[in-house]
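# Structural characterization, general
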Amino acid sequence: MKHILPFAVFAVCVSSFSVQAETYIGASLGQTKINSVDVNGNILGMSGSQSYDADERMMSGSLFAGYNFNPYLGVEVTVGGIDALEEPTLTVDRMTYFAVQPKLSLPLTEQFAVFAKAGLAHFSADFTASNSLYGYSGYTTVSTSDTTLMFGLGAEYAFNEQLKVRASWDYLKPELDILNVAGASLSVEPEFQQLSLGLSYHF
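Residues numbered from 1 in each chain as written. Predicted model: local features only at pLDDT ≥ 70, side-chain atom pairs only at ≥ 80, totals over all residues. Heavy atoms only, no water.

Looking at an unreviewed UniProt entry, one finds the protein named Outer membrane protein beta-barrel domain-containing protein, with Photobacterium galatheae as its source organism.

What follows is the structure, encoded as structure tokens:
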């Protein structure tokens, strides 16, 4: 009896834990803003950095999937894309990211909860610059990527057991190398803030 009772308690805990677990998939659409850009350079041993204010906005969207171990703890995977940024002499496109983030939720009512996410994101982009800056025609494209931290805050409302709508804010600041040759390097760190509205289906 002494051995059966602890096992029974453990079985009940595991059973209740698995009952609360759920898998979900969803999609979101929103707007991403670049607030600032840090530029870091090193030419022939001389290094320097400069920060520029920016007010660029682009459309963005994402697909996400997650697993909630219980109402408070889960993990989420996101694949997202950001619309191209076009300037007279520079275009940044193919901006995509893949993120894996543990998720903490706080249910405030049976239908409404707030959440926070923090994890790693792999961000990639193509920089296409006009060669007219250097006195000849044509364009040069550089593909670059970086793995960086990504944070998120949000709130979600459950229409029923399957459908939930969410509003979220996400932040990341990748460091992207756009020049790396002998004796010279140049990198940019754009600060992305994303506001989005999404819908998820829970199994």
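Text resumes after the structure shown.
Within the protein, the secondary structure is distributed over one helix and 10 strands. Each helix and strand of the protein, placed in order from N terminus to C terminus, yields the pattern α-β-β-β-β-β-β-β-β-β-β. The 203 residues of the protein split such that 35% are buried. Look at the contacts in the protein between residues 6 or more apart in sequence, and 60% of them connect residues 24 or more apart. Here the protein has roughly 12100 Å² of accessible surface; of this, 64% comes from carbon and sulfur atoms. (Helix = DSSP H or I, 4+ residues; strand = E, 2+ residues; numbered from the N terminus. Buried < 20%, exposed > 50% of the residue type's maximum accessible area, 1.4 Å probe, protein only. Contact = heavy atoms within 4.5 Å. Areas by Shrake-Rupley, 256 points an atom, 1.4 Å probe, with all protein chains shown as cover.)

Both faces of the sheet carry side chains from a regular strand, because those side chains alternate between them. Relative to strand β2 (residues 46-68), strand β1 (residues 22-43) runs antiparallel, the two being bridged by 21 bridges. Bridged to Gln31 within β2 is Met59. The sheet contact formed by β1 and strand β10 (residues 184-202) spans 18 bridges and is antiparallel. Its bridge partner lying in β10, Val37 is registered against Pro190. (Pairing = 2+ DSSP bridges.)

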